[in-house]
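If you want the building blocks of each chain, they are given just below.
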2 protein chains.
Amino acid sequence: MEIDTQLIPSPPNSNALLDRTVVVIDVLRATSVIVQALSQGALEIHPVATVDEAFQMAKAFGESSMLLGGERESKRIPGFDLGNSPKEYIAEKVRGKKLILATTNGTKAFHLVSMGKEILVGSFLNIGAVAERCLELDRDLFIFLSGDEGNFSLEDTICGGMLIELITRKRKKSISLTDASQCAQVLYQRFKDNLLGSFHLCRHGKELINRGFDDDPVYCAQIDITNVVPIFRDGVIRVSPPPLPPRGHRR
Amino acid sequence: MEIDTQLIPSPPNSNALLDRTVVVIDVLRATSVIVQALSQGALEIHPVATVDEAFQMAKAFGESSMLLGGERESKRIPGFDLGNSPKEYIAEKVRGKKLILATTNGTKAFHLVSMGKEILVGSFLNIGAVAERCLELDRDLFIFLSGDEGNFSLEDTICGGMLIELITRKRKKSISLTDASQCAQVLYQRFKDNLLGSFHLCRHGKELINRGFDDDPVYCAQIDITNVVPIFRDGVIRVSPPPLPPRGHRR
C-alpha cells in the first residue's frame, strides 16, 4: 500500500486517483460538519462550490426537507438555515433532512477528487473509523487536504498525519509513504498531545477564534466521537455501509 | 517580519514577492552545487531550465572559460563537462570559470521567483550565512522549495525549516510564521540531529543512493562549510557582496 498526501489543494492528477481510496479532510470545519450532520441523522449532503449553486439546487429540489448550510468568511450566509459550526448540526435540526453545503475550502475539494475509486470524508471526529475503512478497502490511499484558501493548512495536515499513523500502526504488510505523507505524520507526532493548541497556532484557527467561533476548534479537536464514515459518490455524501465481508464469511 | 514558505514548486504569486527576500533551496543537489562552485572560485552560474537552452547559451557565449554542468535523471548529460555532484565542483576545475547549469528541479526555480526583491541561494552548506543575510536585509521572507519533480520534497523543507529556526532564534523583533513555515520548522526540529538519516527516508535521497551517488547526500548534509551567499539577479548567480553598513559606520 502506498499513501500519498496532497498538501496544497490544487487539482490532482485524476488518473492517479482511479484505483485509490481518497480521503478528503477539512478539519476547520467542512468535513467535521459533514461527519457531525450524518452522525446526527441527516440523510445526505450535497457539497457545492458556490452560494449561487446552493440556491439553485435548493430551488430545483423544491423540497421542504432541504436545508442550506455553510459559510463565507467563516459566517453564516444570508438566507441559509445553518452556518458552518458542527454543534449547530444536531439531531433536532438535521434528522431526516437533506443538506446543501457551501463552504470556502472543503466542499470544493470533493469535486476535485471525484475520479477516486472511493471517496471518504475524514475529520478527527471519525478518524479511527476512517482508518479502519481504509484498511478494509486495502487500496493505495490518497489523502486530500482542503487547505486554507488555496494554501497549506496545518490542522488538516495534522489530521492526515493521524490517519497515516493509525493505518501504519495497524497494517501488517508494508506501507510506502511519500515525502508528503512523512511530513504529515511528523506534524501529527509533534502535536498529538495538544491538538487544540495546534488550532491556536494555525491561521484559520486563529481567525475563527478572533471571529467569536471559539467553540468550534474545541469541538473539532474531539477524537473518535462517532464511527460514521461518509462517502462521496455521484455528487452526494451519504453514510457508507460497511463493505461486505469476503464471500466465505457471509451468512 | 513574516516568513512564508512555498512547499510545492508551483509558480508563486509574483506580486507577493516584490518586496520580499526570496531564498531558493534545492538541497539534493542544485543549490548545494551552486554554493559549492562559487565557494571554490567559479565566477558566475547561469541556471537554465532545459538542456537545449544550455547548449544554445554555451554556443552564444562561445567562450572557452564556459563549463556546462547538470543532470537528467540524476546523471551527467552527454556533452556536459560536469554532473550534479557538488564534490565535482572543485577549485581546480571551476576557479575563474563561468558555468551553465541545467538540473531537473533547482535551476527552473530561479526563473519562477525572479520577481523577488533579492533572490538568495540556500543549502545546508551555507545556511548560517544565508540566515545572517536575511536578518541584515530585514524584509519579509519567502522560502521557495524546489521540490521533487513538481512534488513536495522532505529534504528541502527540512533545510527551509533550519533557516526559519536560525532567524527566529536570532531576531529580537517578532516574526510571524505562516502554516507552511511552521510545518518546515517542525520538520527541521524532528530531523536536526539526523539530517543524513532524513535523506535516506526521502524519495530523491533514496534514488540518488540507488543510482550510486551515495557520497552526495553525505556532502549535502554538511552544515556551514562556507559563508558564501549566492544571489540571483538578471538571470545570473554570483557571490553577493555583503550589504554596506549603515552610513554612520562606513569608513
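Residues numbered from 1 in each chain as written. Chains lettered and ligands numbered in written order. Predicted model: local features only at pLDDT ≥ 70, side-chain atom pairs only at ≥ 80, totals over all residues. Heavy atoms only, no water.

Caption draft 1: View of the relation of the copies chain B and chain A. In screw terms, the move from chain B to chain A is a rotation of 180 degrees and a rise of 0.0 Å along the axis, fitting with an RMSD of 0.0 Å. Taken together, these values place the two copies in the relation of a two-fold axis. Comparing interface residues between copies, 100% of those in chain B also lie at the interface in chain A; the contact surface is shared. (Least-squares fit on C-alpha atoms with pLDDT ≥ 70 in both. Contact = heavy atoms within 4.5 Å.)

Caption draft 2: Expanded view of the interface of chain B and chain A. Counting residues at the interface gives 17 residues for chain B and 17 residues for chain A. Of all residues in chain B, the largest losses of buried area upon contact with chain A belong to Phe152, Asp179 and Val186 of chain B, amounting jointly to 39% of the total for that side. Run the count over chain B and chain A and you get zero salt bridges. At the junction of chain B and chain A, the tally comes to six residue pairs in polar contact (both at pLDDT 80 or more). When contributions to the side of chain B that touches chain A are tallied by element, the ones reaching two or more residues are helix H6 (154-170) and helix H7 (179-191) of chain B. Of the residues assigned to the side of chain B that touches chain A, the class counts are eleven nonpolar, two polar and four charged. (Buried area = accessible area lost by both parts, 1.4 Å probe. Salt bridge = Lys/Arg side-chain N within 4 Å of Asp/Glu carboxyl O. Polar contact = N/O pair within 3.5 Å; in protein donor to acceptor, adjacent residues only side chain to side chain. Helix = DSSP H or I, 4+ residues; strand = E, 2+ residues; numbered from the N terminus. Nonpolar A, V, L, I, M, F, W, Y, C, P; charged D, E, K, R; others polar.)

Caption draft 3: Broad picture of the packing of aromatic side chains. Residue and element names in this part refer to chain A. In the structure shown here, the tally under the stated rule is six aromatic pairs over all chains. Here Phe110 and Phe232 contribute two aromatic rings whose centre-to-centre distance is 5.2 Å and whose plane-to-plane angle is 35 degrees, an arrangement assigned as tilted. Within this pair, whereas Phe110 is found in helix H4 (residues 106-112), its partner Phe232 is found in strand S10 (residues 230-233), the two being separated by 122 residues in sequence. Exposure class is identical for Phe110 and Phe232. Each is buried. (Phe/Tyr/Trp six-rings, centres within 6.5 Å; stacked < 30°, edge-to-face > 60°. Buried < 20%, exposed > 50% of the residue type's maximum accessible area, 1.4 Å probe, protein only.)

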